[in-house]
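In case you want the letters, here they are:
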Amino acid sequence: MNTNHLQTPIDYLKGVGPNRADLLRKELGIHTYQDLINLFPNRYIDRTRYYKVNQLQRNSTEVQVIGTITNLKEVAQKRGKRLVATFQDDTGQIELVWFRGQKWIRESIKLNKQYVIFGKTNWYNGTFSMPHPEMELLEDHEKSLRSAMQAVYPSTEKLSNKGITNRVVHKIMQQLFIEAKSNFSETISVQLLSELKLISKSEALFNIHFPKNQVLLAQAQYRLKFEELFYIQLQLIIKNLIHKSKIKGFPFTKVGDNFNTFFKEYLPFDLTNAQKRVIKEIRQDLGSNAQMNRLLQGDVGSGKTIVALMSMFIALDNGFQACLMAPTAILSAQHYHGLQEYCNQLNISIKILVSSTNTSERRKIHESLENGSLDILIGTHALLEDKVKFKNLGLAIIDEQHKFGVAQRSKLWKKNTTPPHILIMTATPIPRTLAMSVYGDLDMSIIDELPPGRKPVKTVHRFDSNRLKVFRFIKDEIQKGRQIYIVYPLIQESSTLDYKDLMDGYESIVRDFSQPEYQVSIVHGKMKPEAKDYEMQRFVEGKTQIMVATTVIEVGVNVPNASVMIIESAERFGLSQLHQLRGRVGRGADQSYCILMTSHKLSNDSKVRLETMTRTNDGFEIAEVDLKLRGPGDIMGTQQSGVLNLKIADIIKDRDILQHARFYAQRILKQDPNLSSSENKVLLDTYKQLSKYKNIWNYIG
Ligand code: ADP
Ligand code: MG
C-alpha cells in the first residue's frame, strides 16, 4: 500500500462503516488508513495460554478461558442494573459482568456456543467474576490472525461502551493488513536500513500490530521509533538550513575597539573556558552572512551576562545597536546597573525602558534610538512596543527565554528591515533531549562550567517543627554579617491565601527579628514598583538583613552578600523554581545555604524534588529529573507540546534513539542538503508527504 492509498478515509475500510468511522475519528483522531496503521499499541499481552476455570488464581492478572455462556440475567443494584452471565467449562464456572453497554451485549451474545473470553478476574464471595471481558466465538478465534503477543490499543470509555473493544480494533487492523497484502511502501533509504540493520517498513508494521515473537517486536519498535524521531530531526535541521540560506543577516565582520578594549582593560575576571568557547561560537555566527538564531544555555550563575555584553559590543563595533530584554523590571534594572558601569568606561550610551518609565524619559529614549545616539537599550517587554524604533538594531538578546513566547521573538525580528541577530539565554538548563526536540532548529551554545572559586550551596530539608533552630541559625549568620532571603510561594498572583501566608510569615519574622537590631525588607507582587525598588535597594545596599519575598525575586537578582536562602512551603515549588531560587545565594566568597522548609505532609513527587535538591547543584541534572517528573508538555507549555505529541517514541525513554536519529539526519543533510541523490529519494518523498499532512513547523516563529 503506498502513501496515497493510505490517505483513504477510514470509512472505506471493510467492517468500519459510518458509525464506527465517526467514533474512531472523534475518540482516537483516526481519519485515514494511515492514522489507523499508526495507532500503536500501548502494550502486549500473552494470548498463547488458555486457562481452565479451576486453574484461576485469586491474584490472577489477565487470563484467557474457553467455555460457554449458559445463562444471562439482569441484576438490580443501587443505581441501575448490571448484566451477569454464567460462563462455564468442564472444570467449573465463573460470572461475567457488564455495567455498561448492556443492550449491545444482550443482543449479540449467543448462548451455549463456545467462546474464548479474556480479561481480569476478581475473587468475591467464593466465585470468580470477570467484568467487561473481551469475547470472541471460538470458531472466529481460530480463524483470526494469531500471534504470541496480542496488542492492546489505546481506547476510551465511549469506544468500549459502543462496542468498539480491543478485539474489534484488532479485527479492523487485520482487515487493513489484508487489503494492503501486508505490504507497505518503504520510507527509509536502503543505505540507512542496512547501516542501522533496521527491519523493513512492512515487517515493522506487521510486527508492531501482530508480533510474531519478542525479538521481532523489539526490532519493530526500534525501527518505528527511529523513523518517527528521524523525520522530526530532518524537518528541524532542514528548517535551520533553509533559514541560514534564505534569511540574510548583517555580517558583523570585525571585532573592534569596544570588544578589544573591554577584553584587555576592563574585564573584571578571567573568562572561563566555557565562556570563551561560547563567545567564539557567537562571533563566528555573527560574522557569517546568515541571521543568527542561537540558544545560550548555562546554569544559574554560570556567567551568561558577560557573554551577552561582549556580544553586544561586537554589534556596536560594526555600527549597530543592541538590546537586551528581560522578563521583569527588577531584573532589567539589575542588568542595567551592572552593565552601565562597563559602558561608561567605554563611552557607550545605555538606557533602560520598562513600563513605569515616565513620558519625558521615554521621549528621550525614542529619539536617541531613532537618531542612533543610543547604543544599548535594556528593558522588559516594553521594548516590543511599536513606538520603540531603532535606527539600526543589529542584535537582540532575550534573557530567560521561557517567560517569553514565540510571538515576542518575531516582534523583535521586525525591529529592523533585515532581522537582527537573536540570542536567547535560558534561565534554567533544558534537558538535552528536550532541547533537541523543541529547539532543534536553533543553534545551541552551552556554558557547562561555573566560574572558579564558587562554593557549592549546602542544601538541607527541614520540617516546620524545626523552625526555632532555623531562626537561631539565621541569627548566627546575620551576626557574621550575612544577609538572608525568606521566600514564600505565590502560585497565583491573585491568591489571597498565599498573601496571607506571606504576611503572617512576615509578621512572625518581624516579631522574632525585632528592630533596631534587625531590619527586614518585604517585596511582593502587589506592591507598587517604586515601593518594590526601594525595598530591593535597601537590601542590595545591606541596610536590611532579611528579605521576605515571594517569587518576584526568582530571576536574576544579584546580592553577593546574601548567603542563606530559606524557602517556605518548599513542597509547593517546582524543581526549576527551587533551583532558580537557590541560585540567588552562593554568589560571594562565603559558604552559602539553602534551607527547604516543609510540613510533614509530602507527596511522592515532592519527596523526589526535595531529595534531588539536597543531592545536587547541577542544573542540567535537575532539569532531567524535572522532565521525568512533569513530562515534556508541562515543561514547555501547551504551545510547544504539539511537536512532542509523538506516536510511538518517548523523548525521555528513547533518548538514545533520538540522539541516533539526530546524528544520522545531520550526516545525511550534510552530504546531500537537498536530498537530491537517488539513494535519498525515498527520504525526500516521505519528508514531503509528512510536511504535507502533518506540519510540525507551526510551533516556532
Ligand atoms: P547567569 O548565568 O545566572 O546570568 P551572571 O551572568 O549573573 O550569571 O553571573 C553570575 C556572577 O558571576 C556575576 O556576579 C558575574 O560577575 C560573575 N562571573 C561571571 N563570569 C565570571 C568569571 N569568568 N569569573 C568570575 N566571576 C564571574
Ligand atoms: Mg542571568
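In what follows, the structure referred to is the one given above.
Everything numeric in this text was worked out from a predicted model, so none of it was measured.

In this structure, the second largest pocket encloses a volume near 1200 Å³. Along its surface, the second largest pocket is lined by 46 residues, and Glu134, Thr165, Asn166, Arg167 and Val168 are the ones closest to its centre. Elements with a contribution of two residues or more to the lining of the second largest pocket: strand S1 (43-46), helix H3 (102-108), strand S5 (114-120), strand S8 (134-137), helix H4 (138-143), helix H5 (157-161) and helix H6 (166-179). Broken down by class, the residue content of the lining of the second largest pocket amounts to 17 nonpolar, 15 polar and 14 charged.

Here the focus is the packing of aromatic side chains. Evaluated as defined, the whole model comprises 18 aromatic pairs. For the pair phenylalanine 259 and phenylalanine 263, a centre-to-centre distance of 6.5 Å together with 10° between the ring planes defines the contact as stacked. Linking phenylalanine 259 with phenylalanine 263, this pair stays in helix H10 (residues 257-266), spanning 4 residues, or about one helical turn. Judged by its relative accessible area of 4%, phenylalanine 259 is buried. Given the relative accessible area of 41%, phenylalanine 263 is considered partly exposed. A centroid spacing of 5.2 Å and a plane angle of 80° characterise the contact between phenylalanine 513 and tyrosine 518, whose relative ring orientation is edge-to-face. Aromatic ring contacts, followed pair by pair, group Phe226, Phe230, Tyr231, Phe663 and Tyr664 into a single cluster.

What follows concerns the site of ligand 1. Around ligand 1, 15 residues are found, and the nearest of them are Asp270, Gln275, Gly301, Thr305 and Arg454. In the environment of ligand 1, a nitrogen atom lies 2.9 Å from a nitrogen or oxygen atom belonging to the side chain of glutamine 275. Here an oxygen atom of ligand 1 sits 2.6 Å away from a polar atom, N or O, in the side chain of threonine 305. Contact with the protein chains removes 78% of the 560 Å² of surface that ligand 1 exposes when unbound. Tallied by class, the residues present in the shell around ligand 1 amount to 4 nonpolar, 7 polar and 4 charged.

Our focus in this paragraph is the environment of proline 451. Counting through the fold element by element, proline 451 comes out in the loop between strand S16 (443-447) and strand S17 (458-463). With 180 residues separating them in the primary sequence, proline 451 and leucine 271 have C-alpha atoms 7.8 Å apart. The contacts of proline 451, once residues within four sequence positions are left out, are Thr272, Gly301 and Ser302.

Now for the sheet that holds strand S7 (residues 127-131). Pairing is mixed in the open sheet, where 7 strands are placed in the order S6-S7-S4-S3-S2-S5-S8. This sheet does not close on itself; its edge strands, each paired only once, are strand S6 (122-124) and S8. On average, each strand axis in the sheet is tilted by 40° relative to the strand beside it, whichever way the strands run.

The subject of this paragraph is the sheet that holds strand S15 (residues 421-425). The strand order across the open sheet built from 7 strands is S12-S13-S11-S14-S15-S10-S16, with neighbouring strands paired in parallel fashion. Bordering the open sheet on either side are strand S12 (350-353) and S16, each of which pairs with just one other strand. Each strand of the sheet is rotated relative to its neighbour by a mean of 20°, with strand direction disregarded. Relative to S15, strand S10 (residues 293-298) is paired through 4 bridges, and the arrangement is parallel. Pairing of arginine 294 across the sheet is with leucine 423, part of S15. Its contacts with the sheet put helix H12 (residues 304-317) on S10, strand S11 (321-325), strand S13 (376-379), strand S14 (393-399), S15 and S16, and the angle it makes with S11 is roughly 155°. Along the sheet, helix H13 (residues 329-345) makes contact with S11, S12, S13 and S14, crossing S12 at roughly 170°.

Once that is clear, we can look at the pairing of S8. Alternating residues of S8 divide into Glu134 and Glu136 and Met135 and Leu137, and every residue in both groups is buried. The pairing of S5 with S8 spans 4 bridges and is antiparallel. Across the sheet, isoleucine 117 pairs through a bridge with methionine 135, a residue of S8.

So, about the packing of helix H11 (residues 273-287) against H12. It is the contact of H11 with H12, at a shortest axis distance of 10 Å, that shows an interaxial angle of 30°. Judged by the inter-axis angle, H11 sits roughly parallel to H12. You can see that H11 and H12 cross each other, and the crossing is right-handed. Two secondary-structure elements touch here, H11 through Gln275, Val278, Ile279, Ile282, Arg283 and Leu286 and H12 through Ile306, Val307, Met310, Ser311 and Ile314. When the residues that make up the contact of H11 with H12 are grouped by side-chain class, the tally is 8 nonpolar, 2 polar and 1 charged.

In this section: the pattern of salt bridges. Counted by the stated rule, this structure contains 33 salt bridges. Here aspartate 22 ties to lysine 26 by a salt bridge, and the two come within 3.0 Å at their closest N and O atoms. A residue pair is termed a helical-turn pair when its members lie 3 or 4 positions apart in one helix, as aspartate 22 and lysine 26 do in helix H1 (residues 17-28) at 4 residues. Judged by its relative accessible area of 32%, aspartate 22 is partly exposed. Aspartate 285 is the salt-bridge partner of arginine 294, the closest N and O atoms lying 3.1 Å from each other. Summarising the burial analysis for this pair, arginine 294 and aspartate 285 share the class buried.

A word on the side chain of histidine 421. For histidine 421, the position within the fold is in strand S15. Here the side chain of histidine 421 touches phenylalanine 250 through a polar contact of 2.6 Å, landing on its backbone oxygen. Residues within four places of histidine 421 in sequence aside, it is in contact with Gly249, Phe250, Phe252, Leu286, Ala290, Gln291, Met292, Gly394, Leu395 and Ala396.

One finds Leu192, Phe226, Phe230, Leu234, Cys323, Leu377 and Leu412 to be the most contacted residues of the largest nonpolar core, which totals 55 residues. When residues of this core are assigned to their parent elements, the largest contribution, 9 residues, is made by helix H9 (residues 214-246). In this view, leucine 377 contacts Ala322, Cys323, Leu324, Lys351, Ile352, Leu353, Ile365, Leu369, Leu383, Val388 and Phe390; residues no more than four positions away in its chain are not counted. Counting residues in hydrophobic clusters, the runner-up holds 40 residues, among them Leu296, Met312, Tyr342 and Cys343.

What follows is about the pairing of S11. In terms of burial, S11 is a largely internal element, 5 of the 5 residues being buried. With burial as the criterion, each face of S11 is covered, one bearing Gln321, Cys323 and Met325 and the other bearing Ala322 and Leu324. Here 5 bridges tie S11 to S14, and the two strands are oriented parallel to one another. What sits directly across from methionine 325, in S14, is isoleucine 398. Relative to S13, S11 is paired through 4 bridges, and the arrangement is parallel. Across the sheet, cysteine 323 pairs through a bridge with leucine 377, a residue of S13.

What counts, and where the lines are drawn
- Residues numbered from 1 in each chain as written.
- Chains lettered and ligands numbered in written order.
- Predicted model: local features only at pLDDT ≥ 70, side-chain atom pairs only at ≥ 80, totals over all residues.
- Heavy atoms only, no water.
- 1 Å grid on protein atoms, 1.4 Å probe; cavity = no way out; pocket = protein on both sides within 12 Å on 5 of 7 lines; lining within 4 Å.
- Points joined across faces, edges and corners; volume = space filled by probe spheres on them.
- Helix = DSSP H or I, 4+ residues; strand = E, 2+ residues; numbered from the N terminus.
- Nonpolar A, V, L, I, M, F, W, Y, C, P; charged D, E, K, R; others polar.
- Phe/Tyr/Trp six-rings, centres within 6.5 Å; stacked < 30°, edge-to-face > 60°.
- Buried < 20%, exposed > 50% of the residue type's maximum accessible area, 1.4 Å probe, protein only.
- Near = heavy atom within 4 Å.
- Polar contact = N/O pair within 3.5 Å; in protein donor to acceptor, adjacent residues only side chain to side chain.
- Areas by Shrake-Rupley, 256 points an atom, 1.4 Å probe, with all protein chains shown as cover.
- Contact = heavy atoms within 4.5 Å.
- Pairing = 2+ DSSP bridges.
- Axes fitted to C-alpha atoms, helices over the stretch in contact; angles between N-to-C directions.
- Parallel < 35°, antiparallel > 145°, perpendicular 65-115°, else oblique.
- Left-handed = near helix turned anticlockwise from the far one by under 90°.
- Salt bridge = Lys/Arg side-chain N within 4 Å of Asp/Glu carboxyl O.
- Core = buried A, V, L, I, M, F, W, Y, C linked by side-chain atoms within 4.5 Å.

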